[in-house]
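Spelled out from the first residue to the last, the chains are:
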Amino acid sequence: ERLKRHVAPRPVTLAGKRILVVEDEPSLRDLLADAFTKACAQVETAADGIQGWTLWSAGRYDLVVSDQRMPGCTGLELLARIRATGSLVPMILASGYGLEGLEADLDRDPRLRLLPKPFTLRALFELVASLLEVPGQAQA
């Protein structure tokens, strides 16, 4: 009970959730990992799609957050690999460009959300809350 008075309420709590962040830009990767950690999630990070696939193959995740344009394996290629295993893990695909014209195809995957770059952490967490059905801003 005492702890509750000292901890500021968070918009989304991800306690018990495992999240894989795949982002080739180190500063953004660190920022995302920090934000998810502060929301009580367990976070693993990958610097590109190949490393993301390796981590995903070896672990169990509740959510994948991936950049689209990365060397070696794009976010869409990573998504295709994951879906080919039969997994329906929710995924957020962040992209500044490179997905124009694909929105209709991507909308067919009910567990995929597109997040245009640049984005705010609030926008990210609203998508996370909707995909994982956790209490938070998305239900407010």
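Residues numbered from 1 in each chain as written. Predicted model: local features only at pLDDT ≥ 70, side-chain atom pairs only at ≥ 80, totals over all residues. Heavy atoms only, no water.

Draft legend 1. Just the side chain of S66, in detail. Take S66: it is sitting in strand β3 (residues 63-67). Judged by its relative accessible area of 1%, S66 is buried. Those residues in contact with S66, other than ones at most four positions away along the chain, are V22, G75, L78, M91, I92, L93 and A94. (Helix = DSSP H or I, 4+ residues; strand = E, 2+ residues; numbered from the N terminus. Buried < 20%, exposed > 50% of the residue type's maximum accessible area, 1.4 Å probe, protein only. Contact = heavy atoms within 4.5 Å.)

Draft legend 2. Representation of the nonpolar core. Counting residues in hydrophobic clusters, the biggest one holds 23 residues, and the most contacted among them are L14, I19, F36, L63, I92, L124 and V128. Broken down by secondary-structure element, the contributors of at least two residues to this core are β1 (18-22), α2 (26-38), β3, β4 (91-95) and α6 (121-132). The leading source of residues in this core is α6, at seven residues. Apart from the residues lying within four places of it in its own chain, the contact partners of I19 are L14, F36, A41, Q42, V43, E44, Y61, L63 and V65. If you look at the next biggest cluster of nonpolar residues, it comprises 17 residues, including L78, I82, M91 and L99. (Core = buried A, V, L, I, M, F, W, Y, C linked by side-chain atoms within 4.5 Å.)

Draft legend 3. Quick look at the sheet that holds strand β2 (residues 42-46). Pairing in this open sheet of five strands is parallel, and the strands run β2-β1-β3-β4-β5 from one edge to the other. Every interior strand has two partners, whereas the edge strands, β2 and β5 (112-116), have only one. In this sheet, neighbouring strand axes are inclined to one another by 15 degrees on average, regardless of whether the strands run parallel or antiparallel. For β4 and β5, the ladder comprises five bridges, and the chain directions are parallel. (Pairing = 2+ DSSP bridges. Axes fitted to C-alpha atoms, helices over the stretch in contact; angles between N-to-C directions.)

Draft legend 4. Representation of the pattern of salt bridges within the structure. The tally for this structure, following the rule as stated, stands at seven salt bridges. One salt bridge connects E23 with K117, and the closest N-O pair in it is separated by 3.2 Å. Residue E23 is found in the loop between β1 and α2, and its partner K117 is found in the loop between β5 and α6; the two are separated by 94 residues along the sequence. By relative accessible area, which is 2% here, E23 ends up buried. (Salt bridge = Lys/Arg side-chain N within 4 Å of Asp/Glu carboxyl O.)

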